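Here is how the chains run, residue by residue.
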Amino acid sequence: MKAAPFDYVVPDTIEEAVQHLADAAGDVSILAGGQTLMPLLALRMATPSLIVDINRIAALSGVSRAEGAVRIGATTRQAQILADPTVAAHAPGLTKATALVGHHQTRNRGTIGGSISLAEPAAEYPATALTLGAVIEARSARGVRRIAADDFFLGPYTTALEPEELVTAVHFPEWPAGTRLIVEEVARRPGDFALVGFVCALVVEGGRISRAGVGWFGMGPTPMRSRKAEQALTGQSATGLDLAGIAALAVSETDPMEDGHASAAYRRKVAGRIFQRTVGQALAEQRAA
Amino acid sequence: MSQHSIEVTVNGEAVRAEVEARRTLGDFLRIDAGRTGLHLGCEHGVCGACTVMVDGLAVRSCLMLAVQANGRDVVTVEGLAHADGTLHPAQQAMKDEYGLQCGFCTPGIVMTLAALTADGARPTEAALRDALSGHLCRCTGYQGILRAARRLAQGTAA
Ligand code: FES
Ligand code: FES
(Lines give C-alpha, C1' and ligand atoms only; values in the text may rest on other atoms or scores of the structure.)
(Ligands and ions follow the chains in the order given, each with its own letter.)
Protein backbone atom coordinates (compact mmCIF):
# COMPACT_ATOMS: atom_id res chain seq x y z
CA MET A 1 0.00 0.00 0.00
CA LYS A 2 0.96 3.65 -0.23
CA ALA A 3 1.16 6.07 2.66
CA ALA A 4 -1.59 8.65 3.16
CA PRO A 5 -0.49 12.22 2.32
CA PHE A 6 1.48 14.19 4.90
CA ASP A 7 3.65 17.27 5.17
CA TYR A 8 7.36 16.82 5.67
CA VAL A 9 9.97 19.00 7.33
CA VAL A 10 13.65 18.33 7.82
CA PRO A 11 15.09 20.60 10.52
CA ASP A 12 18.84 21.14 10.98
CA THR A 13 18.75 21.64 14.75
CA ILE A 14 17.18 20.02 17.80
CA GLU A 15 15.59 23.37 18.72
CA GLU A 16 13.76 23.56 15.38
CA ALA A 17 12.69 19.93 15.64
CA VAL A 18 11.16 20.26 19.10
CA GLN A 19 9.44 23.49 18.04
CA HIS A 20 7.76 21.53 15.23
CA LEU A 21 6.68 18.91 17.76
CA ALA A 22 5.27 21.59 20.09
CA ASP A 23 3.38 23.27 17.24
CA ALA A 24 1.96 20.02 15.87
CA ALA A 25 0.19 19.14 19.14
CA GLY A 26 0.48 15.39 18.74
CA ASP A 27 -0.55 14.96 15.10
CA VAL A 28 3.03 14.29 14.07
CA SER A 29 5.51 11.45 13.62
CA ILE A 30 9.24 11.70 14.07
CA LEU A 31 11.19 10.02 11.28
CA ALA A 32 14.53 8.62 12.44
CA GLY A 33 15.66 5.45 10.64
CA GLY A 34 12.15 4.80 9.38
CA GLN A 35 12.46 1.02 9.58
CA THR A 36 9.25 0.81 11.60
CA LEU A 37 7.57 4.12 10.79
CA MET A 38 7.72 3.54 7.03
CA PRO A 39 5.85 0.20 7.24
CA LEU A 40 3.30 1.77 9.59
CA LEU A 41 2.76 4.58 7.07
CA ALA A 42 2.54 2.14 4.15
CA LEU A 43 -0.06 0.08 6.01
CA ARG A 44 -1.85 3.29 7.05
CA MET A 45 -1.60 2.25 10.66
CA ALA A 46 0.04 5.66 11.12
CA THR A 47 -1.52 8.66 9.37
CA PRO A 48 0.21 11.74 10.78
CA SER A 49 -0.36 15.17 9.23
CA LEU A 50 3.30 16.04 9.65
CA ILE A 51 6.56 14.14 9.57
CA VAL A 52 9.61 15.66 11.22
CA ASP A 53 12.72 14.05 9.74
CA ILE A 54 15.54 14.29 12.30
CA ASN A 55 18.24 12.71 10.11
CA ARG A 56 19.92 16.02 9.23
CA ILE A 57 20.51 17.02 12.84
CA ALA A 58 24.22 16.35 13.25
CA ALA A 59 24.08 16.74 17.05
CA LEU A 60 21.81 13.70 17.33
CA SER A 61 24.28 11.19 15.90
CA GLY A 62 27.40 9.68 17.40
CA VAL A 63 28.94 7.81 20.29
CA SER A 64 30.77 9.39 23.23
CA ARG A 65 31.67 8.63 26.86
CA ALA A 66 30.63 10.80 29.77
CA GLU A 67 29.85 10.40 33.47
CA GLY A 68 30.57 6.68 33.56
CA ALA A 69 28.27 5.94 30.64
CA VAL A 70 28.43 5.48 26.90
CA ARG A 71 26.16 8.04 25.29
CA ILE A 72 24.60 6.97 21.99
CA GLY A 73 23.00 9.78 20.01
CA ALA A 74 19.42 9.01 19.02
CA THR A 75 19.99 8.80 15.27
CA THR A 76 23.15 6.71 15.47
CA ARG A 77 22.50 3.87 13.03
CA GLN A 78 22.41 0.34 14.36
CA ALA A 79 25.14 -0.61 11.86
CA GLN A 80 27.36 2.14 13.30
CA ILE A 81 26.71 0.92 16.84
CA LEU A 82 27.56 -2.64 15.83
CA ALA A 83 30.91 -1.50 14.40
CA ASP A 84 31.76 1.10 17.04
CA PRO A 85 34.92 0.32 19.07
CA THR A 86 33.87 2.51 22.02
CA VAL A 87 30.60 0.63 22.32
CA ALA A 88 32.40 -2.72 21.98
CA ALA A 89 34.88 -1.77 24.72
CA HIS A 90 32.62 -0.01 27.20
CA ALA A 91 29.05 -1.16 26.47
CA PRO A 92 29.60 -4.62 24.96
CA GLY A 93 26.09 -5.71 25.92
CA LEU A 94 24.80 -3.19 23.42
CA THR A 95 27.05 -4.61 20.70
CA LYS A 96 25.68 -8.09 21.38
CA ALA A 97 22.09 -6.86 21.29
CA THR A 98 22.66 -4.92 18.07
CA ALA A 99 23.85 -8.02 16.22
CA LEU A 100 20.33 -9.42 16.72
CA VAL A 101 18.41 -6.30 15.66
CA GLY A 102 16.60 -6.66 12.32
CA HIS A 103 18.68 -7.35 9.23
CA HIS A 104 21.90 -6.00 7.76
CA GLN A 105 19.82 -3.85 5.39
CA THR A 106 17.58 -2.43 8.12
CA ARG A 107 20.52 -1.83 10.51
CA ASN A 108 22.02 0.44 7.85
CA ARG A 109 19.10 2.83 8.44
CA GLY A 110 17.56 1.89 11.77
CA THR A 111 18.52 3.94 14.83
CA ILE A 112 18.68 3.35 18.57
CA GLY A 113 16.48 6.33 19.39
CA GLY A 114 13.79 5.05 17.05
CA SER A 115 13.79 1.59 18.57
CA ILE A 116 13.74 2.89 22.14
CA SER A 117 10.89 5.34 21.48
CA LEU A 118 8.86 2.72 19.66
CA ALA A 119 9.03 0.44 22.73
CA GLU A 120 8.20 -2.77 20.91
CA PRO A 121 7.99 -5.32 23.75
CA ALA A 122 9.75 -8.04 21.72
CA ALA A 123 12.63 -5.84 20.49
CA GLU A 124 16.24 -6.12 21.66
CA TYR A 125 17.11 -2.50 22.49
CA PRO A 126 14.36 -1.67 25.02
CA ALA A 127 15.10 -4.82 27.08
CA THR A 128 18.85 -4.21 26.88
CA ALA A 129 18.41 -0.62 28.03
CA LEU A 130 16.20 -1.76 30.90
CA THR A 131 18.47 -4.58 32.06
CA LEU A 132 21.69 -2.58 31.90
CA GLY A 133 20.16 0.45 33.62
CA ALA A 134 20.23 2.89 30.71
CA VAL A 135 18.93 6.44 30.94
CA ILE A 136 16.95 8.03 28.15
CA GLU A 137 17.63 11.68 27.39
CA ALA A 138 14.72 13.61 25.90
CA ARG A 139 14.27 17.20 24.74
CA SER A 140 11.25 19.37 24.28
CA ALA A 141 10.81 23.10 23.81
CA ARG A 142 10.72 23.23 27.62
CA GLY A 143 14.14 21.67 28.14
CA VAL A 144 16.00 18.41 28.75
CA ARG A 145 14.67 15.49 30.75
CA ARG A 146 16.43 12.28 31.77
CA ILE A 147 14.27 9.23 32.30
CA ALA A 148 15.55 5.96 33.76
CA ALA A 149 14.72 2.99 31.56
CA ASP A 150 12.95 1.54 34.63
CA ASP A 151 10.40 4.38 34.39
CA PHE A 152 10.30 4.65 30.61
CA PHE A 153 8.50 1.60 29.20
CA LEU A 154 4.85 1.74 30.28
CA GLY A 155 3.11 -0.66 27.91
CA PRO A 156 3.23 -2.02 24.37
CA TYR A 157 4.45 0.90 22.21
CA THR A 158 3.82 3.21 25.15
CA THR A 159 6.54 5.20 26.90
CA ALA A 160 6.87 8.00 29.42
CA LEU A 161 7.62 10.43 26.57
CA GLU A 162 5.30 13.40 26.13
CA PRO A 163 4.04 13.96 22.59
CA GLU A 164 6.26 17.01 22.19
CA GLU A 165 9.40 15.25 23.45
CA LEU A 166 12.20 13.96 21.26
CA VAL A 167 14.66 11.28 22.39
CA THR A 168 18.10 12.81 21.89
CA ALA A 169 20.34 10.06 23.31
CA VAL A 170 20.49 6.87 25.32
CA HIS A 171 23.11 6.59 28.08
CA PHE A 172 24.35 3.08 28.86
CA PRO A 173 26.17 2.94 32.19
CA GLU A 174 29.52 1.20 31.98
CA TRP A 175 29.50 -2.08 33.85
CA PRO A 176 32.88 -3.25 35.24
CA ALA A 177 35.36 -4.74 32.78
CA GLY A 178 34.90 -8.49 32.66
CA THR A 179 31.14 -8.38 33.27
CA ARG A 180 29.56 -11.47 31.72
CA LEU A 181 26.92 -10.35 29.24
CA ILE A 182 24.24 -12.44 27.62
CA VAL A 183 21.81 -11.41 24.89
CA GLU A 184 20.00 -14.43 23.51
CA GLU A 185 16.77 -14.92 21.64
CA VAL A 186 14.61 -17.52 19.99
CA ALA A 187 12.91 -16.39 16.78
CA ARG A 188 11.31 -18.36 13.98
CA ARG A 189 13.51 -16.73 11.36
CA PRO A 190 16.66 -14.62 11.66
CA GLY A 191 15.70 -10.97 11.98
CA ASP A 192 12.16 -11.65 13.19
CA PHE A 193 10.96 -10.31 16.49
CA ALA A 194 11.85 -12.72 19.25
CA LEU A 195 9.37 -15.22 20.65
CA VAL A 196 11.57 -15.16 23.75
CA GLY A 197 14.53 -12.89 24.40
CA PHE A 198 16.88 -12.77 27.38
CA VAL A 199 19.38 -10.17 28.55
CA CYS A 200 21.68 -10.77 31.50
CA ALA A 201 24.70 -9.08 33.04
CA LEU A 202 26.74 -10.76 35.78
CA VAL A 203 29.62 -9.27 37.72
CA VAL A 204 31.69 -11.97 39.40
CA GLU A 205 34.30 -11.00 41.99
CA GLY A 206 36.34 -13.50 43.97
CA GLY A 207 34.10 -16.36 42.90
CA ARG A 208 30.89 -14.58 43.94
CA ILE A 209 28.26 -12.77 41.92
CA SER A 210 28.39 -9.20 43.18
CA ARG A 211 25.86 -7.68 40.84
CA ALA A 212 23.30 -9.00 38.36
CA GLY A 213 20.92 -7.63 35.76
CA VAL A 214 18.19 -9.91 34.40
CA GLY A 215 15.70 -8.84 31.74
CA TRP A 216 13.45 -10.18 29.03
CA PHE A 217 11.90 -9.23 25.72
CA GLY A 218 8.90 -10.87 24.12
CA MET A 219 7.88 -11.97 27.61
CA GLY A 220 5.26 -9.38 28.47
CA PRO A 221 3.57 -6.13 27.46
CA THR A 222 6.85 -4.25 27.97
CA PRO A 223 10.46 -5.31 28.28
CA MET A 224 10.55 -7.00 31.69
CA ARG A 225 13.11 -7.00 34.47
CA SER A 226 13.33 -9.85 36.99
CA ARG A 227 14.36 -8.11 40.20
CA LYS A 228 13.83 -11.09 42.45
CA ALA A 229 16.15 -13.15 40.26
CA GLU A 230 18.71 -10.35 40.35
CA GLN A 231 18.56 -10.41 44.15
CA ALA A 232 18.70 -14.18 44.26
CA LEU A 233 21.84 -14.18 42.12
CA THR A 234 23.59 -11.40 44.00
CA GLY A 235 25.98 -12.61 46.68
CA GLN A 236 25.85 -16.22 45.51
CA SER A 237 28.91 -18.30 44.84
CA ALA A 238 29.40 -18.66 41.09
CA THR A 239 29.69 -22.42 41.53
CA GLY A 240 26.91 -24.67 42.69
CA LEU A 241 24.12 -22.17 42.05
CA ASP A 242 20.56 -23.45 42.04
CA LEU A 243 20.18 -22.43 38.41
CA ALA A 244 16.87 -24.20 37.89
CA GLY A 245 15.38 -22.52 40.94
CA ILE A 246 16.57 -19.04 40.01
CA ALA A 247 15.46 -19.55 36.39
CA ALA A 248 11.98 -20.45 37.63
CA LEU A 249 11.97 -17.36 39.85
CA ALA A 250 13.06 -15.15 36.93
CA VAL A 251 10.37 -16.54 34.65
CA SER A 252 7.74 -16.07 37.38
CA GLU A 253 8.34 -12.33 37.10
CA THR A 254 7.34 -12.23 33.42
CA ASP A 255 3.92 -12.03 31.82
CA PRO A 256 4.18 -13.62 28.38
CA MET A 257 1.29 -13.48 25.99
CA GLU A 258 -0.49 -16.13 24.05
CA ASP A 259 -0.61 -15.50 20.32
CA GLY A 260 -0.50 -17.23 16.97
CA HIS A 261 3.27 -17.61 17.21
CA ALA A 262 3.57 -19.30 20.58
CA SER A 263 1.63 -20.08 23.73
CA ALA A 264 2.52 -18.42 27.01
CA ALA A 265 3.48 -21.84 28.40
CA TYR A 266 5.90 -22.40 25.51
CA ARG A 267 7.46 -18.99 26.06
CA ARG A 268 7.92 -19.68 29.78
CA LYS A 269 9.47 -23.05 29.12
CA VAL A 270 11.89 -21.71 26.53
CA ALA A 271 12.75 -18.76 28.77
CA GLY A 272 13.66 -21.07 31.65
CA ARG A 273 15.85 -23.16 29.40
CA ILE A 274 17.61 -20.14 27.92
CA PHE A 275 18.28 -18.80 31.40
CA GLN A 276 19.76 -22.04 32.68
CA ARG A 277 21.84 -22.73 29.60
CA THR A 278 23.29 -19.27 29.06
CA VAL A 279 23.86 -18.32 32.70
CA GLY A 280 25.43 -21.73 33.34
CA GLN A 281 27.71 -21.25 30.35
CA ALA A 282 28.65 -17.69 31.33
CA LEU A 283 29.63 -18.77 34.82
CA ALA A 284 31.61 -21.74 33.44
CA GLU A 285 33.48 -19.36 31.14
CA GLN A 286 34.11 -17.07 34.08
CA ARG A 287 35.68 -19.95 36.03
CA ALA A 288 37.83 -20.89 33.05
CA ALA A 289 39.02 -17.30 32.52
CA MET B 1 0.73 17.52 1.67
CA SER B 2 4.10 18.99 0.88
CA GLN B 3 5.82 18.72 -2.50
CA HIS B 4 9.59 18.68 -2.76
CA SER B 5 11.97 19.15 -5.62
CA ILE B 6 14.81 16.72 -5.31
CA GLU B 7 17.93 15.75 -7.17
CA VAL B 8 19.26 12.26 -6.70
CA THR B 9 22.27 10.69 -8.38
CA VAL B 10 20.97 7.42 -9.80
CA ASN B 11 23.58 5.13 -11.32
CA GLY B 12 25.83 8.13 -11.86
CA GLU B 13 23.23 10.36 -13.51
CA ALA B 14 21.47 13.28 -11.84
CA VAL B 15 17.70 12.71 -11.73
CA ARG B 16 15.51 15.67 -10.80
CA ALA B 17 11.86 15.38 -9.85
CA GLU B 18 9.02 17.05 -7.98
CA VAL B 19 7.76 14.51 -5.48
CA GLU B 20 5.09 14.33 -2.84
CA ALA B 21 6.53 13.86 0.63
CA ARG B 22 4.97 10.40 0.82
CA ARG B 23 6.73 9.11 -2.32
CA THR B 24 9.07 6.29 -1.28
CA LEU B 25 12.55 6.01 -2.72
CA GLY B 26 11.46 2.75 -4.36
CA ASP B 27 8.54 4.40 -6.15
CA PHE B 28 10.71 7.35 -7.12
CA LEU B 29 13.29 5.04 -8.68
CA ARG B 30 10.70 3.04 -10.61
CA ILE B 31 8.24 5.77 -11.58
CA ASP B 32 10.22 9.02 -11.73
CA ALA B 33 13.63 7.63 -12.63
CA GLY B 34 12.37 4.72 -14.75
CA ARG B 35 14.65 2.17 -13.10
CA THR B 36 12.25 -0.73 -13.10
CA GLY B 37 15.02 -3.24 -12.47
CA LEU B 38 14.33 -2.60 -8.83
CA HIS B 39 11.37 -4.68 -7.68
CA LEU B 40 8.81 -3.79 -5.06
CA GLY B 41 7.37 -6.84 -3.37
CA CYS B 42 5.76 -6.10 -0.05
CA GLU B 43 6.25 -2.31 0.08
CA HIS B 44 6.61 -2.47 3.84
CA GLY B 45 10.06 -3.72 4.61
CA VAL B 46 9.68 -7.48 4.78
CA CYS B 47 10.88 -9.05 1.53
CA GLY B 48 14.11 -7.23 0.61
CA ALA B 49 13.31 -7.21 -3.13
CA CYS B 50 13.59 -3.42 -3.24
CA THR B 51 17.14 -3.28 -1.83
CA VAL B 52 19.38 -0.65 -3.45
CA MET B 53 22.62 1.04 -2.45
CA VAL B 54 22.40 4.49 -0.90
CA ASP B 55 25.84 6.05 -0.45
CA GLY B 56 27.28 2.56 -0.80
CA LEU B 57 25.09 0.85 1.82
CA ALA B 58 22.42 -1.76 1.11
CA VAL B 59 19.05 -0.38 2.23
CA ARG B 60 15.41 -1.13 1.51
CA SER B 61 14.10 1.52 -0.83
CA CYS B 62 10.50 1.07 0.34
CA LEU B 63 11.64 2.15 3.81
CA MET B 64 13.06 5.49 2.79
CA LEU B 65 11.30 8.55 1.46
CA ALA B 66 12.43 9.86 -1.92
CA VAL B 67 12.92 13.29 -0.35
CA GLN B 68 15.42 11.72 2.06
CA ALA B 69 17.55 10.67 -0.90
CA ASN B 70 17.89 14.28 -2.03
CA GLY B 71 21.57 14.89 -2.76
CA ARG B 72 22.53 11.26 -2.26
CA ASP B 73 24.11 8.64 -4.45
CA VAL B 74 21.85 5.72 -5.30
CA VAL B 75 22.75 2.59 -7.26
CA THR B 76 20.13 0.18 -8.60
CA VAL B 77 20.74 -3.13 -10.33
CA GLU B 78 20.89 -1.27 -13.66
CA GLY B 79 24.00 0.47 -12.40
CA LEU B 80 26.05 -2.69 -11.81
CA ALA B 81 26.96 -4.12 -15.23
CA HIS B 82 29.50 -2.39 -17.48
CA ALA B 83 28.25 -0.46 -20.51
CA ASP B 84 29.53 -3.26 -22.75
CA GLY B 85 27.26 -5.73 -20.98
CA THR B 86 29.92 -7.37 -18.82
CA LEU B 87 28.16 -8.44 -15.66
CA HIS B 88 29.13 -7.27 -12.20
CA PRO B 89 30.77 -10.14 -10.26
CA ALA B 90 27.68 -10.40 -8.03
CA GLN B 91 25.49 -10.84 -11.11
CA GLN B 92 27.91 -13.30 -12.69
CA ALA B 93 28.10 -15.39 -9.51
CA MET B 94 24.30 -15.54 -9.26
CA LYS B 95 24.13 -16.63 -12.90
CA ASP B 96 26.88 -19.22 -12.60
CA GLU B 97 25.44 -20.75 -9.44
CA TYR B 98 21.80 -20.76 -10.59
CA GLY B 99 20.91 -18.32 -7.81
CA LEU B 100 17.63 -17.34 -9.47
CA GLN B 101 14.54 -18.76 -11.06
CA CYS B 102 11.72 -16.22 -11.54
CA GLY B 103 14.09 -13.36 -10.75
CA PHE B 104 11.75 -11.30 -8.63
CA CYS B 105 13.96 -11.27 -5.55
CA THR B 106 17.19 -11.17 -7.55
CA PRO B 107 17.83 -7.43 -7.97
CA GLY B 108 17.66 -6.95 -4.22
CA ILE B 109 19.93 -9.89 -3.46
CA VAL B 110 22.46 -8.77 -6.04
CA MET B 111 22.57 -5.29 -4.50
CA THR B 112 23.18 -6.70 -1.03
CA LEU B 113 25.96 -8.95 -2.34
CA ALA B 114 27.50 -6.09 -4.31
CA ALA B 115 27.45 -3.81 -1.25
CA LEU B 116 28.92 -6.50 1.02
CA THR B 117 31.79 -7.26 -1.32
CA ALA B 118 32.53 -3.71 -2.48
CA ASP B 119 36.19 -2.64 -2.46
CA GLY B 120 37.39 -6.23 -2.26
CA ALA B 121 35.70 -6.94 1.10
CA ARG B 122 35.55 -10.65 1.96
CA PRO B 123 32.57 -11.17 4.26
CA THR B 124 32.53 -14.21 6.50
CA GLU B 125 30.02 -17.03 6.09
CA ALA B 126 28.16 -15.68 9.15
CA ALA B 127 28.02 -12.18 7.66
CA LEU B 128 26.76 -13.57 4.33
CA ARG B 129 24.04 -15.60 6.01
CA ASP B 130 23.07 -12.67 8.19
CA ALA B 131 22.80 -10.34 5.21
CA LEU B 132 20.89 -12.85 3.08
CA SER B 133 18.35 -13.28 5.89
CA GLY B 134 17.13 -9.86 4.78
CA HIS B 135 15.77 -11.34 1.53
CA LEU B 136 12.87 -13.64 0.81
CA CYS B 137 13.02 -15.90 -2.23
CA ARG B 138 9.99 -17.96 -3.17
CA CYS B 139 11.72 -20.08 -5.79
CA THR B 140 15.25 -21.21 -5.26
CA GLY B 141 15.42 -22.67 -1.77
CA TYR B 142 18.40 -20.35 -1.27
CA GLN B 143 21.09 -22.96 -1.97
CA GLY B 144 22.21 -21.41 -5.25
CA ILE B 145 22.12 -17.94 -3.71
CA LEU B 146 24.36 -19.08 -0.87
CA ARG B 147 26.77 -20.71 -3.30
CA ALA B 148 26.90 -17.50 -5.31
CA ALA B 149 27.52 -15.48 -2.16
CA ARG B 150 30.34 -17.80 -1.07
CA ARG B 151 31.94 -17.77 -4.49
CA LEU B 152 31.79 -14.01 -4.54
CA ALA B 153 33.18 -13.68 -1.02
CA GLN B 154 36.07 -15.97 -1.91
CA GLY B 155 36.86 -13.73 -4.83
CA THR B 156 36.51 -16.60 -7.29
CA ALA B 157 33.58 -15.15 -9.23
CA ALA B 158 34.32 -14.30 -12.85
S1 FES C 1 9.39 -4.06 -1.18
FE2 FES C 1 10.81 -3.23 0.20
S3 FES C 1 11.20 -4.87 1.55
FE4 FES C 1 9.60 -5.65 0.31
S1 FES D 1 13.97 -16.34 -7.84
FE2 FES D 1 11.83 -16.21 -7.63
S3 FES D 1 11.61 -15.19 -5.76
FE4 FES D 1 13.71 -15.61 -5.82
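All residue numbers here refer to positions counted from 1 along the written sequence of the relevant chain. To label them, take the chains in the order written and letter them from A, then take the ligands in the order written and number them from 1. Per-residue local features of the predicted model are confined to residues with pLDDT of at least 70, and side-chain atom pairs are confined, for both listing and counting, to 80 or more; whole-chain, interface and lining totals are unaffected and use all residues. To get the side-chain values, all heavy atoms of the structure are used, and hydrogens and water are removed first.

Asker: Explain the interface of chain B and chain A residue by residue, including any values.
Answerer: Counting residues at the interface gives 28 residues for chain B and 29 residues for chain A. Defined in terms of a 1.4 Å probe, buried area is the accessible area two parts forfeit on being brought together, summed over both. Carbon and sulfur atoms supply 54% of the area buried between chain B and chain A, which totals about 2500 Å² over both sides. On the chain B side of the contact with chain A, Arg22, Leu63 and Gln68 of chain B bury the most area, a combined 25% of that side's loss. When a carboxyl oxygen of Asp or Glu is within 4 Å of a side-chain nitrogen of Lys or Arg, the pair counts as a salt bridge. Taken together, chain B and chain A are joined by 3 salt bridges. Aspartate 130 of chain B is paired through a salt bridge with arginine 107 of chain A; the nearest N and O atoms lie 2.5 Å apart. Identification of polar contacts relies on pairs of N or O atoms within 3.5 Å, with a donor-acceptor requirement for protein atoms, meaning one able to donate a hydrogen and the other able to accept it, and with residues adjacent in sequence counted only if both atoms are side-chain atoms. Counting every contact that joins chain B to chain A gives 16 residue pairs in polar contact (both at pLDDT 80 or more). Looking at the side of chain B that touches chain A, the elements with two or more residues in it are strand 4 (57–60), helix 3 (106–116) and helix 4 (125–132) of chain B. Put simply, DSSP H or I for four residues or longer makes a helix, DSSP E for two residues or longer makes a strand, and each gets a number counted from the N terminus. It is strand 4 of chain B that provides the largest number of residues to the side of chain B that touches chain A, a total of 4 residues. We call two residues in contact when some of their heavy atoms are within 4.5 Å.

Asker: Explain the sheet that holds strand 4 (residues 63–66) of chain A to me, and be specific about the residues and the numbers.
Answerer: All names here are of chain A. Two strands pair under a simple rule: DSSP has to find at least two bridges between them. Pairing is antiparallel in the open sheet, where 5 strands are placed in the order 4-5-10-6-7. Bordering the open sheet on either side are strand 4 and strand 7 (143–148), each of which pairs with just one other strand. On average, adjacent strands in this sheet sit at an angle of 25° to one another, irrespective of strand direction. Sheet topology places strand 6 (residues 135–140) next to strand 7; 6 bridges connect them, and they run antiparallel. Note on strand 7: the bridge partner recorded for arginine 139 is valine 144. Across the sheet, helix 1 (residues 14–24) lies against strand 6 and strand 10 (166–173), angled at about 120° from strand 10, the strand it touches most. In this analysis, axes come from line fits to C-alpha atoms, helices being fitted only over the stretch in contact, and the angle between any two N-to-C directions falls in the range 0 to 180 degrees.

Asker: Could you give an account of the layout of surface pockets, naming the residues involved and the relevant values?
Answerer: Taken as a whole, the second largest pocket encloses approximately 250 Å³ of empty space. As for the second largest pocket, its lining consists of 16 residues, and the residues nearest its centre are Arg77 and Arg109 of chain A together with Val54, Asp55 and Arg72 of chain B. Classification used: nonpolar for Ala, Val, Leu, Ile, Met, Phe, Trp, Tyr, Cys and Pro, charged for Asp, Glu, Lys and Arg, polar for all others including Gly. Its residues placed into classes, the lining of the second largest pocket shows 6 nonpolar, 4 polar and 6 charged. Definitions used for this entry: grid spacing 1 Å over protein atoms alone; cavity, a set of points where a 1.4 Å probe fits but cannot get out; pocket, an open set with protein on both sides within 12 Å along at least 5 of 7 lines; lining residue, one with an atom within 4 Å of a point. Grid points are joined across faces, edges and corners, and a volume is the space filled by probe spheres set on the points.

Asker: Just give me the short version of the domain arrangement of chain B, but keep the residues and values in it.
Answerer: All names here are of chain B. In this entry, domain limits derive from an automatic or database-based domain assignment. Along its sequence, chain B is carved into domain 1 (3–79) and domain 2 (89–154). In this structure, domain 1 and domain 2 have C-alpha centres spaced 21 Å apart. Carbon and sulfur atoms supply 68% of the area that domain 1 and domain 2 bury against each other, a total of about 1100 Å² over both sides. Between the two partners, domain 1 and domain 2, sit 0 salt bridges. Taken together, the links from domain 1 to domain 2 amount to 4 residue pairs in polar contact (both at pLDDT 80 or more). Among the secondary structure elements, those contributing two or more residues to the side of domain 1 that touches domain 2 are strand 3 (51–54) and strand 4.

Asker: Please provide a residue-by-residue account of a nonpolar patch on the surface, values included.
Answerer: What goes into a patch is any residue over 30% in relative accessible area without a salt bridge, connected to like charges within 9 Å or, for nonpolar side chains (Val, Leu, Ile, Met, Phe, Trp, Tyr), within 5 Å. Computed with the Shrake-Rupley method and a 1.4 Å probe, the accessible areas treat only the protein chains shown as cover for residues. On the surface, Val46, Leu136 and Tyr142 of chain B cluster together into a nonpolar patch covering about 230 Å² of accessible area. Its location among the elements puts leucine 136 of chain B in the loop between helix 4 and helix 5 (143–153).

Asker: Can you break down the packing of aromatic side chains residue by residue, with the values?
Answerer: All names here are of chain A. The rule is short: rings of Phe, Tyr and Trp, with Trp giving its six-membered ring, pair when the centres are within 6.5 Å, and they are stacked under 30 degrees, edge-to-face over 60, tilted in between. As enumerated under the stated definition, the model contains 3 aromatic pairs over all chains in all. Arranged with centres 4.7 Å apart and planes meeting at 35°, the rings of phenylalanine 198 and tryptophan 216 form a pair that is tilted. Of this pair, phenylalanine 198 sits in strand 12 (residues 196–205) while tryptophan 216 sits in strand 13 (residues 208–217), and the two are 18 residues apart along the sequence. As far as burial versus exposure is concerned, phenylalanine 198 and tryptophan 216 are alike and both buried. Ring geometry for phenylalanine 198 against phenylalanine 275: centres 5.3 Å apart, planes inclined by 45°, an arrangement best described as tilted. Residue phenylalanine 198 is found in strand 12, and its partner phenylalanine 275 is found in helix 11 (residues 264–288); the two are separated by 77 residues along the sequence. A residue is classified by how much of its surface remains accessible, and phenylalanine 198, at 0% relative accessible area, is buried. To sort residues, take the accessible area from a 1.4 Å probe on protein chains only and compare it with the maximum for the residue type: under 20% means buried, over 50% means exposed, and anything in between is partly exposed.

Asker: Talk me through the pairing of strand 13 of chain A; I want residue IDs and the actual numbers.
Answerer: Residues and elements named next belong to chain A. With 7 of its 10 residues buried, strand 13 lies for the most part within the structure. Where strand 12 meets strand 13, 9 bridges bridge the pair, whose relative direction is antiparallel. Across the sheet, alanine 201 pairs through a bridge with glycine 213, a residue of strand 13. The hairpin turn running from strand 12 into strand 13, its antiparallel successor, is 2 residues long, and glycine 206 in that turn takes a positive phi close to 55°. Note that strand 13 and strand 14 (residues 224–225) share 2 bridges and pair antiparallel.

Asker: Residue-level account of the environment of isoleucine 6 of chain B, with values.
Answerer: All names here are of chain B. Looking at the element boundaries, isoleucine 6 is found in strand 1 (residues 3–10). The exposure class assigned to isoleucine 6 is buried, which follows from its relative accessible area of 4%. Counting along the chain gives 10 residues from isoleucine 6 to arginine 16, while the straight-line C-alpha distance between them is 5.6 Å. Beyond its immediate chain neighbours, meaning those up to four positions away, isoleucine 6 contacts Val15, Arg16, Ala17, Val19, Phe28, Ala66, Val67 and Asn70.

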